[in-house]
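Summary of structural features
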Amino acid sequence: MHAVEIKPNIYWVGVNDRSTNLFEGLWPIHEVGVSYNAYLIKDKKNALIDISKEIFSDDFAQELSDLIDLKDLDYIIVNHMEPDHTGALGRLREMAPNAKLLGMQKAVSMMNDFYSLTENTEVVKHEETLSLGKYTLKFLYTPGVHWPETMMTYVPEEKLLFSCDAFGQYGALDGFIFDDECQNVAFFEKEALRYYTNIISAFSRNVLMAIDKISAYPVSIIAPSHGLIWRKDPMHIIELYKTWAGYAQGPAGPGITVLYGSMYRNTERALDQTLQVIGRQQIPIEVFNVGITDPSYYLPSLLTKQGVLIACPTYERAMFPAMVRALNMAEIKDIKHKVAAYFGSFAWSGGAMNVFNGFAERLAWDVVGAYQFAGSAKENDLQQIQQIVEQLAAKARKP
Ligand code: FEO
């Protein structure tokens with residue numbers, strides 16, 4: 001896409017990525033893509049805010065060169081050092097040799113770590129300002145959203161916040177960049193939640209601190225480093241992030257996420273009958289087969305619903321491996337304080353239930369019951385499971 005002027009002499013200079021399969025090498029984006037947004041301010045002094053991913057160095061350099069002779073670039077503001085935003089830094093440094101790299105102390109240290117860049121760098125501090133002429137940049141330190149060096153850059157004259165990863169979303173920008181131009185904002189809200197749970201949720205405390213910090217500044221435009229720019233209703237995306245960050249600490253909303261895995265359908269048949277019990281409770285429910293579903297897609301449900309039902313068999317005296325992966329991801333993403341239950345089949349010895357209890361303890365999940373049965377579930381087994389699930393539904397309905 002060509003650059004877009006978002007305010008007088010302030011330009012979006014992003015690129016769309018529709019060819020990467022896995023964001024961070026982990027998270028599927030092949031169906032939706034992602035944008036890497038950067039911004040150029042032309043003023044008495046010229047500043048670029050954030051950069052781009054390495055594979056887009058040529059596109060990015062061309063996009064910038066259409067607006068400015070890169071030798072006239074005075075500052076490159078590095079809000080965040082993750083290479084989806086800095087991979088093109090080396091190429092850009094060659095083309096813009098006069099530009100000073102600005103970032104928080106840790107960011108400047110990472111410039112050396114990642115790219116061996118030590119010349120013409122400068123550390124900025126929280127709430128430090130830099131006058132460009134007509135416009136001022138104010139740097140707001142927001143550690144943990146997403147890395148410890150991350151900051152946001154605020155332009156008080158336009159109440160414009162370059163928020164970096166915060167308030168971002170998966171999804172390429174198909175010819176539009178603003179929320180009020182987009183015909184399917186619901187899609188970006190859904191992808192914002194998936195992005196939040198995949199990338200940000202482990203740092204939810206930091207998100208709440210960052211939102212508190214920026215509340216001191218009036219905001220009319222949120223310009224993140226991924227996805228839509230929010231100018232119609234910038235508070236909307238802030239409120240969504242605030243809600244999700246709160247869910248990570250608990251309690252979340254009413255509902256049950258069912259994560260299941262099954263080898264020969266013994267656990268799955270018991271689950272089918274159990275789902276009818278939950279269905280009668282009229283409570284939101286989402287069901288995921290962890291054996292064939294990427295964690296990227298069930299983490300949003302796990303974060304936003306208060307109840308969790310884990311159903312999987314014992315696998316060689318331990319837990320079904322795909323479920324270990326699911327619960328390990330919940331632990332990495334710090335999705336705590338749920339109400340939870342477990343059941344599953346075993347062949348010659350149990351094991352999965354103990355593994356579940358260990359995860360639940362570390363995640364501070366309130367376990368209403370856990371049950372394992374040999375082979376296929378009999379009537380007595382199903383009654384036991386039903387009692388557990390009824391308790392789970394009662395607790396998950398009113399967090
Ligand atoms: Fe979009 Fe944490 O980088």
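Please read these numbers as outputs of a predicted model, since none were measured by experiment.

Quick word on the packing of helix α6 (residues 204-214) against helix α7 (residues 234-249)
Packing of α6 against α7 brings their axes to within 8 Å, and their N-to-C directions diverge by 145°. Relative to α7, α6 is oriented so that their crossing is left-handed. Of α7, the residues touching α6 (which contributes S204, R205, V207, L208, I211 and I214) are I238, Y241, K242, A245, G246, A248 and Q249.

Brief notes about helix α9 (residues 295-304)
Along α9, nine of the 10 residues are buried, which leaves the element largely enclosed by surrounding structure. Every buried residue of α9 is accounted for by P295, S296, Y298, L299, P300, S301, L302, L303 and T304. Its side-chain oxygen at 2.8 Å from the backbone nitrogen of S296, D294 defines the N-terminal cap of α9.

With respect to the nonpolar core
L137 and F167 are the most contacted members of the largest nonpolar core, which totals 96 residues. When residues are assigned to domains, this core turns out to be shared by domain 1 (4-249) and domain 2 (257-397), each giving three or more. Aside from chain neighbours lying at most four places away, what touches L137 is I41, A47, I49, I77, E128, T129, L130, L132, T153, Y154 and V155. One finds L64, L67, L92 and L101 within the second-largest nonpolar core, a separate group that totals 27 residues.

What about the pattern of salt bridges?
For the structure shown, the criterion picks out 13 salt bridges. For R265, the salt bridge is made with D272, and the minimal N-O distance between the two is 3.9 Å. One salt bridge connects K395 with D366, and the closest N-O pair in it is separated by 2.9 Å. With K395 in helix α12 (residues 379-397) and D366 in strand β23 (residues 366-374), this residue pair connects regions lying 29 residues apart in the sequence. Relative accessible area serves as the criterion here: at 42%, K395 is assigned to the partly exposed category. Here the salt bridges share partners, and the residues they tie into one network are R265, E268 and D272.

Concerning a nonpolar patch on the surface
On the surface, M263, Y264 and Y315 cluster together into a nonpolar patch covering about 350 Å² of accessible area. Following the sequence through the fold, Y264 ends up in the loop between β17 (253-260) and α8 (266-280). Given a relative accessible area of 68%, Y264 falls into the exposed group.

Side note on the domain arrangement of the protein
Here the protein is described as being made up of domain 1 (4-249) and domain 2 (257-397). Placing a centre on the C-alpha atoms of domain 1 and another on those of domain 2 gives a separation of 38 Å. Between domain 1 and domain 2, the residue contacts involve 17 residues of the former and 14 residues of the latter. The contact between domain 1 and domain 2 buries some 1,400 Å² in all, and 58% of this surface belongs to carbon and sulfur atoms. Of all residues in domain 1, the largest losses of buried area upon contact with domain 2 belong to W27, T197 and Y247, amounting jointly to 32% of the total for that side. Applying the counting criterion to the domain 1 and domain 2 interface returns four residue pairs in polar contact (both at pLDDT 80 or more). The set of elements that each furnish at least two residues to the side of domain 1 that touches domain 2 consists of β5 (27-28), α5 (185-200) and α7.

Notes on the sheet that holds strand β2 (residues 10-12)
Strand order in the open sheet formed by seven strands is β1-β2-β7-β8-β9-β10-β11, and the pairing between neighbours is mixed. The sheet terminates laterally at β1 (4-7) and β11 (121-123), the two strands that pair on one side only. The sheet shows a mean angle of 25° between the axes of neighbouring strands, direction not considered. Where β2 lies against strand β7 (residues 39-41), three bridges are found, and the strand directions are antiparallel. In the strand pairing of β7, I10 is matched with I41. Against the sheet, helix α4 (residues 105-115) touches β10 (100-103) and β11, its axis set at about 130° to β10.

Definitions and limits used
Residues numbered from 1 in each chain as written. Predicted model: local features only at pLDDT ≥ 70, side-chain atom pairs only at ≥ 80, totals over all residues. Heavy atoms only, no water. Axes fitted to C-alpha atoms, helices over the stretch in contact; angles between N-to-C directions. Helix = DSSP H or I, 4+ residues; strand = E, 2+ residues; numbered from the N terminus. Left-handed = near helix turned anticlockwise from the far one by under 90°. Contact = heavy atoms within 4.5 Å. Buried < 20%, exposed > 50% of the residue type's maximum accessible area, 1.4 Å probe, protein only. Polar contact = N/O pair within 3.5 Å; in protein donor to acceptor, adjacent residues only side chain to side chain. Core = buried A, V, L, I, M, F, W, Y, C linked by side-chain atoms within 4.5 Å. Domains from an automatic or database assignment. Salt bridge = Lys/Arg side-chain N within 4 Å of Asp/Glu carboxyl O. Patch = residues over 30% accessible without salt bridge, like charges linked within 9 Å, V, L, I, M, F, W, Y side chains within 5 Å. Areas by Shrake-Rupley, 256 points an atom, 1.4 Å probe, with all protein chains shown as cover. Buried area = accessible area lost by both parts, 1.4 Å probe. Pairing = 2+ DSSP bridges.

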